[in-house]
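Structural description and commentary
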Amino acid sequence: MIPAFDGRFDYLRMKDEICDAMRRVCESGQLILGPEVEAFEQEWANYVGTRHAVGVNSGTDAISIALRALGIGAGDKVLTVANTAVPTIAAIVAAGATPQFVDIEPNHLLMDLEQVEACLTPRTRCIISVDLYGYPVDINQLRELTRRRGIHLVADCAQAHGTRLDDRHAGSVADIGCFSFYPTKNLGAMGDAGACVTNDPELARRMRRIRCYGFEGNRIALMDGVCSRLDEMQAAILRVKLRYLDKFVQRRRDLAAIYSHWLEGTALSLPLESHGRRHAYHQYVIQTDGRDDLIAELERHKIGYGIHYPVPVHLMPAYECLGYHPGDLPVTERAAQRILSLPLHPGLTEEQVAYVARVVLHWHMAAATEWCSADCELIR
Ligand SMILES: *Cc1c(COP(=O)(O)O)cnc(C)c1O
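For the structure given in this document, a descriptive report is provided here. (Residues numbered from 1 in each chain as written. Predicted model: local features only at pLDDT ≥ 70, side-chain atom pairs only at ≥ 80, totals over all residues. Heavy atoms only, no water.)

**Here's the deal with the side chain of Arg-209**
Counting through the fold element by element, Arg-209 comes out in helix α8 (residues 201-211). Accessibility expressed as a relative area gives 15% for Arg-209, which makes it buried. Contacts of Arg-209, omitting those with residues within four sequence positions, involve Gly-214, Phe-215, Glu-216, Leu-222 and Met-223. (Helix = DSSP H or I, 4+ residues; strand = E, 2+ residues; numbered from the N terminus. Buried < 20%, exposed > 50% of the residue type's maximum accessible area, 1.4 Å probe, protein only. Contact = heavy atoms within 4.5 Å.)

**Quick notes on unusual backbone geometry**
Negative phi is the rule for most residues except glycine; trans is the rule for most peptide bonds. The omega angle of the peptide bond from His-308 to Tyr-309 is 10°, so this bond is cis rather than trans. Within the fold, Tyr-309 resides in the loop between α11 (291-300) and α12 (330-338). Backbone geometry places Leu-109, a non-glycine residue, at a positive phi of 60°. Relative to the helices and strands, Leu-109 resides in the loop between β3 (98-101) and α6 (113-119).

**A few points about the site of the ligand**
Lining the immediate surroundings of the ligand are 14 residues, of which Gly-59, Thr-60, Asp-156, Ser-180 and Lys-185 lie closest. The separation between an oxygen atom of the ligand and a polar side-chain atom of Thr-60 is 2.4 Å. Looking at the shell around the ligand, the elements that each hand over two or more residues are α4 (59-69) and α5 (86-94). (Near = heavy atom within 4 Å. Polar contact = N/O pair within 3.5 Å; in protein donor to acceptor, adjacent residues only side chain to side chain.)

**A closer look at the packing of aromatic side chains**
Evaluation of the coordinates by the stated rule reveals 11 aromatic pairs. Measuring from centroid to centroid gives 5.4 Å for Trp-44 and Phe-181, while their planes differ by 85°, and the two rings are edge-to-face. Remark: Phe-181 occurs in the loop between β8 (176-180) and β9 (194-198) and Trp-44 occurs in helix α3 (residues 35-48); sequence separation between them is 137 residues. With a centroid separation of 5.9 Å and an interplanar angle of 25°, the aromatic rings of Tyr-244 and Phe-248 are classed as stacked. Each member of the aromatic cluster is reached from another via a ring pair, and the members are Phe-40, Trp-44, Tyr-47, Phe-179 and Phe-181. Looking at Arg-358, its charged tip hangs above the ring of Trp-262, at a distance of 5.5 Å from the centre. (Phe/Tyr/Trp six-rings, centres within 6.5 Å; stacked < 30°, edge-to-face > 60°. Lys NZ or Arg CZ within 6 Å of the ring centre and 35° of its normal.)

**Some thoughts on the nonpolar core**
One finds Phe-40, Trp-44, Met-111, Val-116, Ile-127 and Phe-181 to be the most contacted residues of the largest nonpolar core, which totals 53 residues. Residue assignment for this core shows that the elements contributing at least two residues are α3, α6, β4 (124-130), α7 (139-149), β5 (152-156), β9, α9 (232-242) and α10 (245-263). Looking at this core element by element, the count peaks at 6 residues for α3. Among the nonpolar cores identified, the runner-up in size contains 28 residues, and Tyr-281, Leu-294, Leu-344 and Leu-361 belong to it. (Core = buried A, V, L, I, M, F, W, Y, C linked by side-chain atoms within 4.5 Å.)

**Re the pairing of β4**
Of all 7 residues making up β4, 6 are buried, and the element is well covered by its neighbours. Here strand β2 (residues 77-80) pairs with β4 via 3 bridges, running parallel. Across the sheet, Lys-77 pairs through a bridge with Thr-124, a residue of β4. Judged from the 5 bridges that link them, β4 and β5 form a sheet pairing that is parallel. Residue pairing for β5: Cys-126 is matched across the bridge by His-152. In terms of handedness, the path from β4 via α7 over to β5 forms a crossover that is right-handed. (Pairing = 2+ DSSP bridges. Right-handed = clockwise from strand over helix to strand, strands pointing away.)

**Regarding α4**
Along α4, 8 of the 11 residues are buried, which leaves the element largely enclosed by surrounding structure. Burial in α4 covers these residues: Gly-59, Ala-62, Ile-63, Ser-64, Ile-65, Ala-66, Leu-67 and Ala-69. If you check the start of α4, you find a side-chain oxygen 3.4 Å away from the backbone N of Thr-60, and it comes from Ser-58. At the C-terminal side of α4, Gly-71 shows a positive phi close to 80°.

**Some details on the sheet that holds strand β10 (residues 277-278)**
The sheet built from 3 strands is open, its strands ordered β7-β6-β10 with antiparallel pairing. Bordering the open sheet on either side are β7 (168-169) and β10, each of which pairs with just one other strand. Examined bridge by bridge, strand β6 (residues 164-165) and β7 share 2 bridges and lie antiparallel to one another. Bridging from a neighbouring strand, Arg-164 pairs with His-169 of β7.

Right, here's the structure in full:
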């Protein structure tokens, strides 16, 4: 049995340190927004390379608080992609704005920057880029475009801890970068947690107010806010795990290289990495027209897998009201039929990954032979 994710791995690897951190919090008696949160915010800002980090309750809240801090709300449109986790879209709606979608490019399945300008309307006030699977969007090009057009740029980096573009960490180039520390992410808490990062002190101040009822110090609401605080326990645990993040991202990269080694040269589409763009391999996603068949084969071998994500958000019932239809985002829709995430997390061994790779390779070769003999039949 090879699981797609192992929720105990981090804990078992860092048991003593995690337990010490938890005990420290219990004994301090301070449970919400205290010294651990402050320390983690500083450490996270340092890691990402921004001046400020603001801890919040989830990645979804990070995005909606970022939008609110930028003054985006009712009547505004926010442009993003439809092949993302639902929370990207839920956060736009939570901020009171309306999501708008642009298609993706077929190589990395990231926002197609060539199509962005044509999608902008006078009401589009912000773009949210998504570093899906841990691979970075060309944020410099987006930054140039958003500056020129006078709109905001928010980066959804929920899958991009450890991702880098030209040696800059994901999230440090946008107006605000948003992270989730949901347990399955590259840096995961032991519960829900998230953070916003920015270089702008005024935005950081607004986000600090918004996350706690609009308060500043004296329990008087200075603006409309929400309740989305990072708690001390999660912050203390994240501080422990942050020390291992680079090591674990490197481990993901090493395991990903094993997949690529075995599967290169087949007709399967594999993740690509271009010069200067560092993949953090939150997921290792391949593409094939024979996905259902491959899934049956993986299940037969008790190998876990994922589909991230099976239905693009613009075609989900909750968002019908946005008025999109099948065919509106052809590259996104085609990818949703073909993508498959193979097991990839630091808890796997090289042997396990090589085993999965060989199962996929054998399936692929057998399928290819079958197609080939079907063709021969036709010729005969
Ligand atoms: C996980 C994720 C989020 C949301 O994070 P939560 O902490 O679950 O709210 C947002 N965007 C993307 C791309 C994600 O993968």
